[in-house]
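# Coordinate inspection notes
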Amino acid sequence: MKIATFNINGVKARIGALTDWLDEAQPDVALLQEIKSIDEAFPREIIEEKGYNVETHGQKGFNGVAILSKLPLEDVTRGLPGDDSDEQARWIEATVVGDKAIRICGLYLPNGNPAPGPKYDYKLAWMERLYKRAQDLLNDEQPALMAGDYNIIIQPEDAARSDAWRDDALFRLESRDAFRRIQNLGFTEAFRASEAGAGHYSFWDYQAGAWDKNDGIRIDHFLLTPQCADLLNNCWIEADMRGREKPSDHVPVWVDLAA
């Protein structure tokens, strides 16, 4: 089972790029972030015509997450548990049934800037809720993963210029500690289980020629439960997507699971 996470940065603005990618790459499951569309306006028909089941958790103008799956989807839920007042569409999960059933959680973690401030407080509070959901996934003792745009630079090697991000919400120590606290529950960070070293990025800003300079950061991640990590064949970043016409500022990150 090949699963990709892709912050599309506006599904309507990039529907051509998205459908071309689906035709070429043929993911079994694609997790999208920043669809920037309400559910009713999501261009589901053109995607369903390509053989995908479509589930969305949308929001007008910003945020929004989706699951596209060639395989059946069961028990779809929307919204990260723990705060019924949270109206931001940042979490969707479902069970994907292939040779094995995998619980797939797609997320768009808050950016948190400017930090410190209310947006950063929201980011850390959201990560505390994520920690609790992660505990529940581990307690289920089933193959499961949490994937998406985490807006976390995990370590200095994940940024071309880590010093430039030192005080940014993506790289502040509190952010990285919160991520490590979740990972250390017993999750495998799929990319680092497959690839070591610097120079691997999933996001390049539109400003200051970041793509041409390879001035990127790695902020799109897969965290796998032990049962899911046992199925991991490989994880990689599809960096060349950033150089295409009218690209997202993110590129797809993939896992290949024996499922």
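Look up a bit, the structure's there.
Attention in this report is confined to the structure presented alongside it. Just so it is clear, the model here is predicted, and its values are computed rather than measured. (Residues numbered from 1 in each chain as written. Predicted model: local features only at pLDDT ≥ 70, side-chain atom pairs only at ≥ 80, totals over all residues. Heavy atoms only, no water.)

## Digging into the overall build of the chain
Counting its secondary structure elements, the chain contains 7 helices and 12 strands. Relative to the compact-globule value of 18 Å for 259 residues, the chain shows a C-alpha radius of gyration of 17 Å, a close match. Expressed as lengths along the three principal axes of its C-alpha atoms, the size of the chain is roughly 45 × 45 × 40 Å. With 259 residues in all, the chain has 53% of them scored as buried. Sequence-distant contacts, at least 24 apart, represent 68% of the contacts inside the chain between residues at least 6 apart. Split by element, the accessible area of the chain, about 10900 Å² in all, is 45% carbon and sulfur. Positive and negative side-chain charges in the chain, numbering 29 and 44 respectively, have mean positions lying 3 Å apart. (Helix = DSSP H or I, 4+ residues; strand = E, 2+ residues; numbered from the N terminus. Rg over C-alpha atoms; globule rule 2.2 N^0.38 Å. Buried < 20%, exposed > 50% of the residue type's maximum accessible area, 1.4 Å probe, protein only. Contact = heavy atoms within 4.5 Å. Areas by Shrake-Rupley, 256 points an atom, 1.4 Å probe, with all protein chains shown as cover. Lys, Arg positive; Asp, Glu negative; His and termini not counted. Charge placed at Lys NZ, Arg CZ, Asp CG, Glu CD.)

## Quick word on helix H4 (residues 173-183)
Among the residues making up H4, those that are buried are Ser-175, Arg-176, Ala-178, Phe-179, Ile-182 and Gln-183. Burial along H4 is one-sided: seen end-on, the buried residues are contained in an arc of 160°. (Arc of directions from axis to C-beta.)

## Some thoughts on the sheet that holds strand S3 (residues 53-57)
On the basis of which strands lie adjacent, the open sheet formed by 6 strands has the order S3-S4-S2-S1-S12-S11 and mixed pairing. In this open sheet, the two strands that pair with only one neighbour each are S3 and strand S11 (232-237). Geometrically, the sheet is characterised by an average inter-axis angle of 15° between neighbouring strands, direction not taken into account. When S11 meets strand S12 (residues 253-257), the two strands line up antiparallel, connected through 5 bridges. Counted as the bridge partner of Ile-237 is Val-253 from S12. (Pairing = 2+ DSSP bridges. Axes fitted to C-alpha atoms, helices over the stretch in contact; angles between N-to-C directions.)

## Let's talk about the environment of Asp-23
Along the chain, Asp-23 turns up in helix H1 (residues 15-25). According to the relative accessible area criterion, Asp-23 is partly exposed, its value standing at 41%. Remark: the alpha-carbon pair of Asp-23 and Lys-50, spanning 27 residues in sequence, is separated by 7.9 Å.

## As for helix H3 (residues 118-140)
With 23 residues, H3 should cover 33 Å at 1.5 Å per step; its first-to-last C-alpha distance of 33 Å lies within 8% of that length. Among the residues of H3, those classed as buried are Tyr-120, Lys-123, Trp-126, Met-127, Arg-129, Leu-130, Tyr-131, Arg-133, Ala-134, Leu-137 and Leu-138. Those residues of H3 that are buried lie in contact with strand S6 (91-97), strand S7 (101-108), strand S8 (144-149), H4 and helix H7 (226-229). Note on H3: the residue one or two positions beyond its end, Glu-141, has a positive phi of about 55°. (Expected span 1.5 Å × (residues − 1).)

## Some details on the nonpolar core
In terms of nonpolar packing, the biggest core is built from 50 residues, with Ile-3, Trp-21, Phe-42, Leu-68, Leu-145, Phe-222 and Leu-257 touching the most fellow members. Beyond its immediate chain neighbours, meaning those up to four positions away, Leu-68 contacts Leu-22, Asp-28, Val-29, Ala-30, Leu-32, Phe-42, Ile-47, Tyr-52, Asn-53 and Val-54. Of all hydrophobic cores here, the second largest spans 22 residues; its members include Leu-80, Leu-138, Ile-154 and Phe-179. (Core = buried A, V, L, I, M, F, W, Y, C linked by side-chain atoms within 4.5 Å.)

## Points about the environment of Leu-32
Along the polypeptide, Leu-32 turns up in strand S2 (residues 29-33). Under the relative-accessibility criterion, Leu-32 is labelled buried at 1%. Distance from Leu-32 to Ser-69, taken between C-alpha atoms, is 11 Å for residues 37 residues apart in sequence.

## Digging into the packing of H3 against H4
Where H3 meets H4, the axes come as close as 9 Å, and the angle between the chain directions of the two elements is 5°. Between H3 and H4, the crossing angle belongs to the class labelled roughly parallel. Contacts between H3 and H4 pair Tyr-120, Lys-123, Leu-124, Met-127, Glu-128, Leu-130, Tyr-131 and Ala-134 from the former with Glu-174, Ser-175, Ala-178, Phe-179, Arg-181 and Ile-182 from the latter. (Parallel < 35°, antiparallel > 145°, perpendicular 65-115°, else oblique.)

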